Each structure stands twice: as C-alpha cells, then as structure tokens.
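Per-entry structural report
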Amino acid sequence: MYSEEQQQHLNHLTQQLVKHTGHQSAKQKTEELRQVINYHDWRYYALSQPVILDVDYDKLFKELKDLEKEHPELISPDSPTQRVARGLTDDFKQVSHLVSMLSLDNSYNAEDVLAFDKSVKKLTGAEHVAYCVEPKFDGSSIALVYENDMLIRAATRGDGAVGEDITNNAKALASIPLSAKFSAFGIHKIEIRGEVIIQKEVFERINNERKAKGEKLFQNSRNTASGSLRLKDPNESATRGLEAVLYHVSLAEDKDGKDLLREQLHTHYHTIEVLYKCGFKTPIHELKVCKGADEATEFINLWETKRNTFSIETDGMVIKVNDLKLQQKCGSTTHHPRWAMAYKFQAKQAQSKLIDVEYQVGRTGAVTPVAKIEPVALAGVTISSISLHNEEFIKEKDIHLGDTVIVERAGEVIPYIMGVVPELRDGSQRDIHFPRHCPSCKSELIKTEEEAIWRCDNADCPAQTEERAIHFVSKDALDIDGLGRSIVIDFIERGFIKNLEDIYRLPYDEILKLEGWGEKSVENLKKGIEDAKGRPIWRLINAFGIRLVGVTTSKDIAGHIKEVLDLQKLSLEDLTNIEGIGPKVAQSIYDFFQTESNIHLIKELERLGVNTKNRPEDSLAKNNKLEGKTFLFTGSLQQFNRDRAKQLVEENGGKLLSSVSANLNYLVVGEDAGSKLTKAKKIPSITVLTEDEFLNLIG
Ligand code: AMP
Ligand code: ZN
C-alpha cells in the first residue's frame, strides 16, 4: 500500500512533527498530520508493526484535533478525526457492531481528571458523580454478542462501526464462555466489549520458546495478541495463551427487545458484576468505585506505583461515570464517549537517536560500550547515555550508529536499550566498530573464551587506576568522607595519587594552596581519611576491587579470617569451601592474593595505619535470630532503605543473596516489585514477606 520511499518520507515527516521542527501554515500542518496518522494506522492495524510510540501517536492525533477545532474550515470528511477509530484489513468477513466501538479521550494528570469531572457535572447537572476506575488493558479490543445464552459472534474493533468476524478464533479462547447464563438476569441479547491480552509471564514464555527455536521474537504482547487473534488457524490462537477480559456492556435487551441498560442494570459496576457472575474474566477485583474526582486520582496514583506487579500489561486507567443514566446524559462525540476518560501512565519507553558510542574502562579493565543518545525525557529523568553492555549485545540487537533506538525505563530500573527500529533507517547508519585497543593506554585488548567482555590487561592503565581509586574510597568500600569521585580524579591528574597508598600520603600543604581549598576543608579531608582507617576488614577487601568480589562476598570472606594477609595462605580449595564462594570467584580471589604487588599494597596500607585485622566489634551479627536464613529485597522499600535492610539482616545473623534461587528463604517485597517476585512465586520454598512482616520477624 505504501512504497518503501513513501514510508521513508512519512517516517521522516513523523519525526519532524513530533519534534515540532519545520514551520508551516495550519493548513499544511493539518494535511501533514493526516498523512502521517493514516500511515501509522496502516502500520498498526494492517501490518501489526507500528513504528511510532503510542504517546507520540496520541500527541499527533491530539494536535490534529486541536488544529481542527481552531480552524473548523480545515476539517475534511476523510480526516482521521472524523472516523470512529482506526483502519481495517479485509481478510475476515466484515460485520457491523450493534453499537459503535469508540475510542477514549486521553488525560495525563490530576488537572485533566478535575476538568473531566467538571465537564461531566456540567453535562449532567449532577452535584456528585461517582466514578468507576479500572485498569486500561493493553491488548486488542473485541466485541462479543450472546443471544439466548449462546455466543453467536465475536468481532474485532475494526474501524469502530465495522469489525472483522473472528468468531472461530474467539471460540478457541478458553476464557470466552461459549454459553453464559445471561437469562438468569432477564437478558436475551447482549453485546459486550473487552480486550484480548496475553499475560506478561505467558508472553515472556512464548518469546523464550521462540528464542530457543531460533524464531523471530515478538515485539510486545499487544501486537502479538492482535496478530494471534486474526490467525487463519484458530487452534494456533489458543496455543498462544490469549485471554479475554470483559469490561463493558454496550447493549442488553430482554425477549421483547426492551433495553435493560439503565432501568435494570443501573450502574457500570453492576454490569461488570453480571459479567463476572456469568463466568467472564473481568476487572472486578481491580476496579474501585470512587466517590469523586479526588478519590479517583488517589486510586490512579496508587495503581501507577504497582502496575509493574500486575500480571497484565496496562497503559493507564479508565475512569467511567458509574451511573448509567448519567452516562446517557453525557452522550458521546463521534470519537469517544463523554462519560469516560483514559488516564495514561507515564511512558516507560521512548525513542531516540544513537549519536555516538564511547568506551569506558572499568577498574578491572573491562571495556564497556556506552551509547550517547539524543537526550530524551522518560519517567521523570532525562537520559542521554546508556550502557550497551558488550560487543555481543550490540550484535544481537543489530545496533548501528544513527539508528533510532527504543529506550525503556521501568520503575527504579536502570534505562535499557530494548532494540532499534530498522524501518526508520535512512541510509546514513554506520556499523559500530568495537575497539581492539584500550582507549586509555592503547594496550591491545583481550577477550577470554568464557566471557563476552574485552579487557585491558595493563596493570598501570591510567583509566583503571582512576576507577580503582574511585571504588576504593566509595560508600560500599572504605567509605572515605570528603573524598568523592571528582576530587579523586583531580588528585590523579595533579599527580598526587599514583597508586592506592598515595591516598594516605596526600601533600596537604600543596592542596591548601589549590583553588577551592581552605584550612577547614583540608582539615575535614584529613579527618575523613584518618577516620576511615579503622573500618572493618570486609570493607578493605571490597575496596581492592577484586574481580567478581562485591560486598556480599567480601563479608563472607571476612568472616573466615583473622587478618587480611591470611588470605595469602588459603588454597583454592580452602576458598571454595567458604560458603557462598564458587570456583570462579575462588580463582579470582586466589589470583589476587598470590600477586606480589597486591601483598605489597596490603603491607604498605597496614604500615600507613589502615586496619587489616578482624576485631571482635566488627562481627556483623549482634544476635542469631536469622541464623542460616537467606534474604533478598526487591521493589521500592518504604520503611527503610537498602543499606539499612542489609544491615538488619546481618545484625541478626542472616545472609543476603543477590538473586532468586532455590537457596533463597525469604524475599522481602517493597512497592513496584517486578520479575524477582514473579520468579520467587514459582519456587515453593521461598516465603514472600512484606516489609512489616520482615520487621516482625526480627522483632
Ligand atoms: P485508545 O485506543 O487509546 O483510544 O483507548 C481506547 C481503548 O482502550 C478502547 O477501545 C479499549 O479497547 C481499550 N480499553 C482497555 N481497557 C479498557 C477499559 N477498562 N475500559 C474501556 N476501554 C478499555
Ligand atoms: Zn588500558
């Protein structure tokens, strides 16, 4: 339908419109908006391969609507705003819906909700309006018709007035009853609406299976649902784990054709209840009937924080006037009902352009590619650089310089590049050439068989020294007050710090002469460094930055030695016998303490006054309530932070793990817990605790 060239042009035009570049008349702009919207409708509905983010689409659509409102003379009968909804493919028989399936108006913040409430009150004359608030399921919409308690038809939304007959495919979905006892409610004929979705977990499983078979992965569950629903072989639809959630009754009649909505089924909530009782999957357990706009907003906010833990993908909430008579008074536009509104959650994804790749050398010499992207705002922060992990990742995702990348950030999670949009390539894209030499010292990089990582092996590499020193003084290591990253870098550049020992022989007289330093700040720095000399040895062990050794392992090791130099005497076998230490970690520790320069470093630090002995007061456990028990924390904790949580476990003799496995006894979940919780639920031996339950456990 669109040629390659046309598509390139329209993609380019879309980007300009989204970014508001290019200045043109209102007339030209409405025309351009219509062109790109029609094109994206086609990609979305006909191909099930959208190349635009929902938020951007919504934005363009809204812009067009606003422009037409401002300039009514520009409205044309074929404008996408004049249609009830988007496009149609003609593979299936077309059927007319009994009642048009409209879209929903969108809102993004509390003010929008208040404005909606105001307009509802104005339209209805009601003083108080109750709203039913429910999740907005991110799937593919369907309409089912039952007559005489039998399913007689299922259809997709299509253009809203006419959809595709997918009755056979719908019958393959176990969640759609073939017959339902509507007659018990006096209902003879009913049309109900809902969403066909794939649960997150099922979607993940399907993709894992496809990956194992070497098949192309599905992009997201919504497209997969809409695609699967229209597969020619209905049996395949069933195997793809589709489910239908029903959330609306658009028509209900008794034997004589009398309308039962409003007179018999008074509220939206009541209709959901009927669906629920007739055996449908509904949002009855998730929804809430709220007294007014404030309560609705509160409920929405609560949901936004826990949407990640919900088993179905949601992109917002829907606020509906609960009373059906009031709904009728509100009426509808050709595009959406005036009695309902969608509230869109903050986007989790954004598109941006990959401008450049920089290579960072870590403290162990690992070279990490970092993507520099055009800054994008996402879930409250502006993102301009993201880790690309390693060379494999770049190859796997087929990332090129100049590519349009999809960035995702969910909850507290570090931003991540989900993939690229190959359709948006314009020919200017370039391959990414991973360097073969260290960007800092130019030594040749090496890569071992089992690792996907390129490393600089030069012990004197300046970039590594810098990262090592920064790590040495950091919070999880020796936690030296007043010696932050930028000061360390400055001191290294001035030659004050050439190796770790130098931290304890800083030329304070010289520092005093530097701009930005005074008596007081130099005193504070001195004090911070002095105070940190007495830290427990697990911190020193962690401070060395031994490969594969973090806080947890450092603590494990510290519990088994009297002083740091004991580690020189431990054999590989001794190390492997320490609980929590596997063969790879043991090898790494062994190598470190068999290296002469490292032993020299420890002796020097000792001479300079740094504690290297295990003292009784350093024992991590103050009692043994949790002895032998393992813990992991996930989600955003409300009552204490991560550090405090760890401390509490350790003080009580428990142990922390870093991932969910059969070795885990307790998973403590805060808000917004994600995949760890899902995984833990599948292992029966793991007990899931709330923060309160955890606190009770330790008394
Ligand atoms: P949009 O496509 O963004 O205009 O949003 C409207 C669509 O949201 C409807 O056509 C439904 O398919 C879908 N939707 C998902 N969950 C709900 C819900 N709980 N109530 C109404 N519509 C919903
Ligand atoms: Zn190097």
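As the structure is a computational prediction, the values presented were derived from the model and not from experiment.

Check the secondary structure of the protein and you find 24 helices and 22 strands. Judged by the C-alpha coordinates and their principal axes, the protein covers about 95 × 60 × 55 Å. Counting across all 699 residues of the protein, residues that qualify as buried make up 50%. Surface summary for the protein: the accessible area is close to 34,400 Å², and the carbon and sulfur share equals 49%. Taking the average location of the 92 positive side-chain charges in the protein and that of its 107 negative ones, the two points are 2 Å from each other.

By the definition in use, this model includes 20 aromatic pairs. Judged by centre distance (5.7 Å) and plane angle (45 degrees), the rings of Phe116 and Tyr131 are tilted. With Phe116 in helix 4 (residues 110-124) and Tyr131 in strand 3 (residues 131-137), this pair connects stretches of sequence that are 15 residues apart. Just as Phe116 is buried, Tyr131 falls in that class too. Ring pairing ties together the aromatic residues Phe631, Phe633, Phe640, Tyr666 and Phe694, which thus form one cluster. Positioned above the aromatic ring of Trp538, the side-chain terminus of Lys555 is 4.5 Å from the ring centre.

Along the chain, Ile453 falls in the loop between strand 17 (445-447) and strand 18 (454-456). With a relative accessible area of 27%, Ile453 lands in the partly exposed category. Put simply, Ile453 and Glu392 are 61 residues apart on the chain and 8.6 Å apart in space, counted from C-alpha to C-alpha. Beyond its immediate sequence surroundings of up to four residues, Ile453 is in contact with Ala366, Val367, Ile446 and Lys447.

This brings us to the sheet that holds strand 7 (residues 189-198). Pairing within the open sheet is antiparallel, and its four strands lie in the order 5-4-7-8. Bordering the open sheet on either side are strand 5 (150-156) and strand 8 (242-253), each of which pairs with just one other strand. Mean inter-strand twist for the sheet, computed between neighbouring axes without regard to direction, equals 25 degrees. Where strand 4 (residues 140-147) meets strand 7, eight bridges bridge the pair, whose relative direction is antiparallel. Looking across to strand 7, one finds that Ser141 is bridged to Glu195. Sheet strands in contact with helix 7 (residues 221-229) are strand 4, strand 7 and strand 8, and its direction is about 125 degrees off that of strand 7.

On to unusual backbone geometry, then. The phi angle at Asp398 is positive, at roughly 55 degrees, despite the residue not being glycine. With respect to the helices and strands, the residue Asp398 is situated in the loop between helix 12 (391-396) and strand 15 (404-408). On the accessibility criterion, Asp398 (37% relative accessible area) is partly exposed. Of note, the phi angle at Leu548 is positive, near 70 degrees, even though the residue is not glycine. Looking at the element boundaries, Leu548 is found in the loop between helix 17 (537-543) and helix 18 (551-558).

Before going further, it helps to examine the site of ligand 1. The immediate surroundings of ligand 1 are formed by 14 residues, with Ser103, Glu134, Arg157, Glu195 and Lys320 found nearest. Pro135 places a main-chain nitrogen or oxygen 3.0 Å from a nitrogen atom of ligand 1. Out of a free accessible area of 490 Å², ligand 1 has 87% covered by protein chains. Sorting elements by how many residues they give to the shell around ligand 1 places strand 3 first, with four residues.

It is worth spelling out the sheet that holds strand 9 (residues 288-290) at this point. Reading across from one edge, 2-11-10-3-9 is the order of the five strands in this open sheet, with mixed pairing throughout. Each edge of the sheet is formed by a strand with only one pairing partner; in this case those strands are strand 2 (106-107) and strand 9. Pairing geometry for strand 3 and strand 9, over three bridges, is antiparallel. Bridge pairing in strand 9 places Cys132 opposite Val289.

With that out of the way, let us pick up the domain arrangement of the protein. The domains assigned to the protein are domain 1 (4-82), domain 2 (94-344), domain 3 (349-432), domain 4 (462-618) and domain 5 (630-697). On a C-alpha basis, the centres of domain 2 and domain 4 stand 58 Å from each other.

Bringing the side chain of Glu63 into the picture now. Relative to the helices and strands, Glu63 resides in helix 3 (residues 54-70). Polar side-chain contacts of Glu63 include one of 3.0 Å to the side chain of Lys29. Other than its neighbours up to four places away in sequence, Glu63 contacts His20, Lys29 and Leu33.

Time to look at the packing of helix 13 (residues 462-473) against helix 14 (residues 485-493). Interaxial distance between helix 13 and helix 14 falls to 10 Å at its minimum, and their mutual angle equals 140 degrees. Viewed along their axes, helix 13 and helix 14 adopt a mutual orientation that is oblique. Seen from above, helix 13 lies across helix 14 with right-handed handedness. Of the residues in helix 14, those in contact with Thr465, Glu466, Glu467, Ala469, Ile470 and Val473 of helix 13 are Arg485, Val488, Ile489 and Ile492.

We now examine the coordination of the zinc ion (ligand 2). Taken together, the protein donors to the zinc ion (ligand 2) comprise Cys438 (SG), Cys441 (SG), Cys456 (SG) and Cys461 (SG), at separations of 2.3 Å. Given four donor atoms and angles of 98 to 115 degrees at the metal, the environment of the zinc ion (ligand 2) is assigned as tetrahedral. Mapped onto the sequence, the residues coordinating the zinc ion (ligand 2) show the spacing C-x2-C-x14-C-x4-C. You can see Cys441 sitting in the loop between strand 16 (416-420) and strand 17 and its partner Cys461 sitting in the loop between strand 18 and helix 13, a full 20 residues away along the chain. A residue is classified by how much of its surface remains accessible, and Cys461, at 0% relative accessible area, is buried.

Our focus in this paragraph is helix 10 (residues 293-306). The end-to-end C-alpha distance of helix 10, which contains 14 residues, comes to 20 Å, matching closely the 20 Å that a straight helix rising 1.5 Å per residue would cover. Those residues of helix 10 that sit buried are Ala293, Glu295, Ala296, Thr297, Phe299, Ile300 and Trp303. Check the buried side of helix 10 and you find it contacts helix 4, strand 3, strand 9, strand 10 (314-321) and strand 11 (340-344).

With that out of the way, let us pick up the pairing of strand 3. Judged by how many residues are buried, strand 3 sits mostly within the fold: seven of seven residues are covered. Sheet analysis places strand 3 next to strand 10, joined by seven bridges and oriented antiparallel. When the sheet's bridge partners are listed, Glu134 is paired in strand 10 with Val318.

Let us look at the nonpolar core. In this structure, Phe472, Tyr504, Phe544 and Phe593 are the most contacted members of the largest nonpolar core, which totals 54 residues. With sequence-adjacent residues up to four places away left out, Tyr504 is seen in contact with Phe472, Leu478, Ile480, Ile529, Lys533, Leu605, Leu608 and Val610. Grouped together as the second largest cluster of nonpolar side chains are 36 residues, Tyr146, Ile187, Leu242 and Leu261 included.

Calculation rules
- Numbers given to residues run from 1 along each chain, matching the order in which its sequence is written.
- All chains are assigned letters beginning with A, and all ligands numbers beginning with 1, in the order in which they are written.
- Local features are withheld for residues below a pLDDT of 70 in this predicted model, meaning they are given only at 70 or higher, and side-chain atom pairs are given and counted only at 80 or more; totals for whole chains, interfaces and linings count all residues.
- As a rule here, side-chain values come from all non-hydrogen atoms in the structure, and water together with hydrogens is ignored.
- A run of H or I in DSSP counts as a helix once it spans at least four residues, and a run of E counts as a strand once it spans at least two, with each numbered from the N terminus.
- Between buried and exposed lies partly exposed: a residue is buried under 20% and exposed over 50% of the maximum accessible area for its type, with that area taken using a 1.4 Å probe on protein chains only.
- Accessible surface is estimated by sampling points in the Shrake-Rupley manner with a 1.4 Å probe; for residues, cover comes only from the protein chains shown.
- Note on charges: Lys and Arg go in the positive column, Asp and Glu in the negative column, and His and the chain ends are not counted at all.
- Charge positions are represented by NZ for Lys, CZ for Arg, CG for Asp and CD for Glu.
- Ring geometry is summarised as follows: Phe, Tyr and Trp rings, the Trp one being its six-membered ring, pair when their centres sit within 6.5 Å, and such pairs are stacked at plane angles under 30 degrees, edge-to-face over 60 and tilted between the two.
- For a lysine, the NZ atom is tested; for an arginine, the CZ atom; a charge sits over a ring if that atom is within 6 Å of the ring centre and within 35 degrees of the ring normal.
- Contact between two residues is taken to exist if any of their heavy atoms lie within 4.5 Å; hydrogens are not considered.
- Think of it this way: DSSP has to see at least two bridges between two strands before they count as a pair.
- An axis is simply a line fitted to the C-alpha atoms; with a helix, the fit covers only the stretch in contact. Between two such axes, the angle follows the N-to-C directions and lies from 0 to 180 degrees.
- The near set for a molecule or strand comprises every residue that places at least one heavy atom within 4 Å of it.
- Any pair of N or O atoms that falls within 3.5 Å is considered a polar contact. Within protein, one atom must be able to donate a hydrogen and the other to accept it, and sequence-neighbouring residues count only if both atoms are side-chain atoms.
- An automatic or database domain assignment supplies the start and end points of every domain.
- Angles below 35 degrees are treated as roughly parallel, those above 145 as roughly antiparallel, those between 65 and 115 as roughly perpendicular, and all remaining angles as oblique.
- Crossing handedness follows the turn of the near helix against the far one: under a right angle anticlockwise gives a left-handed crossing, and clockwise gives a right-handed one.
- Listed donor atoms are N, O and S within 2.8 Å of the metal (Na, K and Ca: 3.2 Å). As water is not included, a site may look incomplete.
- By the criteria applied here, four donors are tetrahedral when all angles lie between 85 and 135 degrees, four are square planar and six octahedral when opposite donors are over 155 degrees apart and every other angle lies between 65 and 115, and any other arrangement is irregular.
- The span one expects for a helix is its residue count, reduced by one, times 1.5 Å.
- As used here, the term nonpolar core means buried Ala, Val, Leu, Ile, Met, Phe, Trp, Tyr and Cys residues forming a set that is joined through side-chain atoms within 4.5 Å.

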